[in-house]
Amino acid sequence: MSIEVLSVTKSYGNQLALNEISFSANKGEIIGFLGPNGAGKSTMMKIITGFISPTKGTVLVSGINVLKSPEEVKAKIGYLPEQNPLYQEMYVKEYLQFQASIFKVSKETIGAVIETVGLSPEVHKKISQLSKGYQQRVGIAAAIIHNPDVLILDEPTTGLDPNQIQEIRNLLKKLGKEKTILFSTHIMQEVEAICDRVIIINKGELLIDTSIEELKESNEQIIEVTFNYKIEEQFIQRLPNIISYKNNFDNTWYMTFNSSEDMRGVIFDFAHENGLKILELNSKNQSLETLFTKLTS
Ligand code: ADP
């Protein structure tokens, strides 16, 4: 196990930021860490990396206790904080050499890392002269310079343009082949595109810890239907396999079904049999986005 978080609680004074959080990450997994602002994501990441201590609980990284052996853990972990703290006046190479010197990394390794993160064309520039996307690569290069087993990245794609986002995603995918990566993001498609697993927290509570595969296999279907006139709730309840429903506007219903059968056909038959017309129908399969909204709103 690369990361083990065991019943971690963190309070800032009276404010409970994390409440008895437990999860683990296997070697080579890429995990998306999701939650609304203030959910506790950054706090959890700072605890895993040993930057702050939990109020209660234990974290093990590659089997090493973060509280008991912080220095040993720092050698196993690479961390990109939310505000990527770069020395703007340093040259890219100079900054990475400085980072490498902390871990006694060889010159050849620095060159290889520059290559891996695609920084070669910009390597002779000052950090302040780089675009935000390239600055992010410098942060990631600094995080992996000592070849850690585990990477913790706090919103690595926030503030980047779509091309830069794609480039950083490709980089994470590449790095994820060898390393365990836990990263936070607000972009659900990012998690669906590159992660093996997703963890959602809200208000310091763990809400879900599931594999992306399981999520895609879910039988839950969310269908929004607008009929040609207002119908009663009792009527909607007669639809088979319906597990919840909400009347959005007068004639529009937002319905959740649990069925392996495509419920759109069933709804069409139901409408026809009852002399109703469907003016609009939208099917939203159980995507991460719908799950996130359902769990956190
Ligand atoms: P997220 O990264 O999910 O946005 P944070 O971990 O930053 O969430 O914050 C979780 C909660 O803890 C928030 O309510 C935040 O205001 C609070 N918090 C975070 N850091 C501190 C701090 N240093 N002092 C007091 N409260 C804090």
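Cut-off values and rules
- Within each chain, residues carry numbers counting from 1 in the order of the written sequence.
- Local features in this predicted model are restricted to residues whose pLDDT is 70 or higher, and side-chain atom pairs enter the listing and the counts only when it is 80 or higher, whereas totals over whole chains, interfaces and linings include all residues.
- In computing side-chain values, all of the structure's heavy atoms are included and hydrogens and water are not.
- One confidence number per residue, pLDDT, is output by the predictor and ranges from 0 to 100.
- Secondary structure elements follow DSSP: runs of H or I of four or more residues count as helices, runs of E of two or more count as strands, with numbering from the N terminus.
- By convention in these notes, a residue is near a molecule or strand provided one of its non-hydrogen atoms lies within 4 Å of it.
- Pairs of N or O atoms are called polar contacts if they sit within 3.5 Å, as long as, within protein, a hydrogen donor faces a hydrogen acceptor (for residues adjacent in sequence, only side-chain-to-side-chain pairs).
- Reported accessibility uses the Shrake-Rupley method at a 1.4 Å probe radius. Residues are deemed covered only where the shown protein chains occlude them.
- The pairing criterion is simple: DSSP has to find at least two bridges between the two strands.
- Angular values range over 0 to 180 degrees, each being the angle between N-to-C directions of two axes fitted as lines to C-alpha atoms, with helices fitted over their stretch in contact.
- Residues are treated as being in contact if the distance between any of their heavy atoms lies within 4.5 Å.
- Working definition: with a 1.4 Å probe on protein chains only, accessible area under 20% of the residue-type maximum means buried, over 50% means exposed, and in between means partly exposed.
- Residues are called lining when one of their atoms sits within 4 Å of a cavity or pocket point, these points coming from a 1 Å grid over the protein atoms alone, where a cavity is a set in which a 1.4 Å probe fits but cannot get out and a pocket is an open set with protein on both sides within 12 Å along at least five of seven lines.
- Grid points are joined across faces, edges and corners, and a volume is the space filled by probe spheres set on the points.
- Just so you know the grouping, Ala, Val, Leu, Ile, Met, Phe, Trp, Tyr, Cys and Pro go in nonpolar, Asp, Glu, Lys and Arg go in charged, and all remaining residues, Gly too, go in polar.

Chemist: Give a detailed account of the confidence of the model for the chain, specifying residues and quantitative values.
Modeler: Considering every residue of the chain, the mean pLDDT works out to 91; 99% of them sit at 70 or more. Per-element confidence in the chain ranges from a low mean pLDDT of 80 for helix α11 (residues 288-296) to a high of 98 for strand β1 (residues 3-12).

Chemist: Residue-level account of the site of the ligand, with values.
Modeler: Taken together, the residues surrounding the ligand are Y12, Q15, A17, P36, N37, G38, A39, G40, K41, S42 and T43. With respect to the ligand, the side chain of Y12 contributes an N or O atom lying 3.5 Å from a nitrogen atom. In this structure, an oxygen atom belonging to the ligand sits 2.9 Å away from a main-chain N or O atom of G40. When the ligand sits alone it has 570 Å² of accessible area, and the protein chains cover 61% of it. Looking at the shell around the ligand, the elements that each hand over two or more residues are β2 (15-25) and α1 (41-48). Sort the elements by how many residues they give to the shell around the ligand and α1 lands first, with three residues.

Chemist: Which residues make up the sheet that holds strand β7 (residues 150-154), and what values go with them?
Modeler: Taken in spatial order, the six strands of this open sheet run β6-β7-β8-β3-β9-β10, and their pairing is mixed. Pairing within the sheet leaves two strands with one partner each, and these edge strands are β6 (77-80) and β10 (205-211). Strand-to-strand twist in this sheet, taken as the mean axis angle between neighbours without regard to direction, amounts to 15°. Note: strand β3 (residues 30-34) against strand β8 (residues 180-184), four bridges, orientation parallel. Bridge pairing in β8 links F33 to S184. Contacting β6 and β7, helix α5 (residues 132-144) crosses the sheet at an angle of about 160° to β6. Along the sheet face, helix α6 (residues 162-175) touches β3, β7 and β8 and points at about 150° away from the line of β8.

Chemist: Quick rundown of the environment of A112? Include the residues and the values.
Modeler: Along the chain, the position of A112 falls in helix α4 (residues 107-116). Judged by its relative accessible area of 41%, A112 is partly exposed. Separated by 18 residues in the primary sequence, A112 and E94 have C-alpha atoms spaced 15 Å apart.

Chemist: Tell me about unusual backbone geometry, and name the residues and values.
Modeler: One non-glycine residue, S7, adopts positive backbone phi at about 45°. Relative to the helices and strands, S7 resides in strand β1. For E155, which is not glycine, the phi dihedral falls at a positive 50°. When you line up the elements, E155 lands in the loop between β7 and α6. On the basis of relative accessible area, E155 is assigned to the buried category, the value being 9%.

Chemist: Report on the layout of surface pockets, specifying residues and quantitative values.
Modeler: Here the largest pocket defines a volume of roughly 440 Å³. Together, 19 residues line the largest pocket, and F51, Y79, Q99, F103 and A142 are the ones closest to its centre. By residue class, the composition of the lining of the largest pocket is 13 nonpolar, five polar and one charged. Of the voids in this model, the second largest pocket is the one considered here, and its volume is about 210 Å³. Around the second largest pocket sit I222, S244, Y245, K246, Y254, T256, T290, T293, K294 and S297, which together line it. For the lining of the second largest pocket, the secondary-structure elements that each account for two or more residues are β12 (242-249), β13 (252-258) and α11. Residues that form the lining of the second largest pocket fall into these classes: three nonpolar, five polar and two charged.

Chemist: How would you explain the pairing of β10 if you had to name every residue and give the values?
Modeler: In terms of strand pairing, strand β9 (residues 197-202) meets β10 through six bridges, oriented antiparallel. Counted as the bridge partner of I201 is L206 from β10. Between β9 and β10, which follow one another and run antiparallel, lie two residues, and K203 among them has a positive phi close to 50°.

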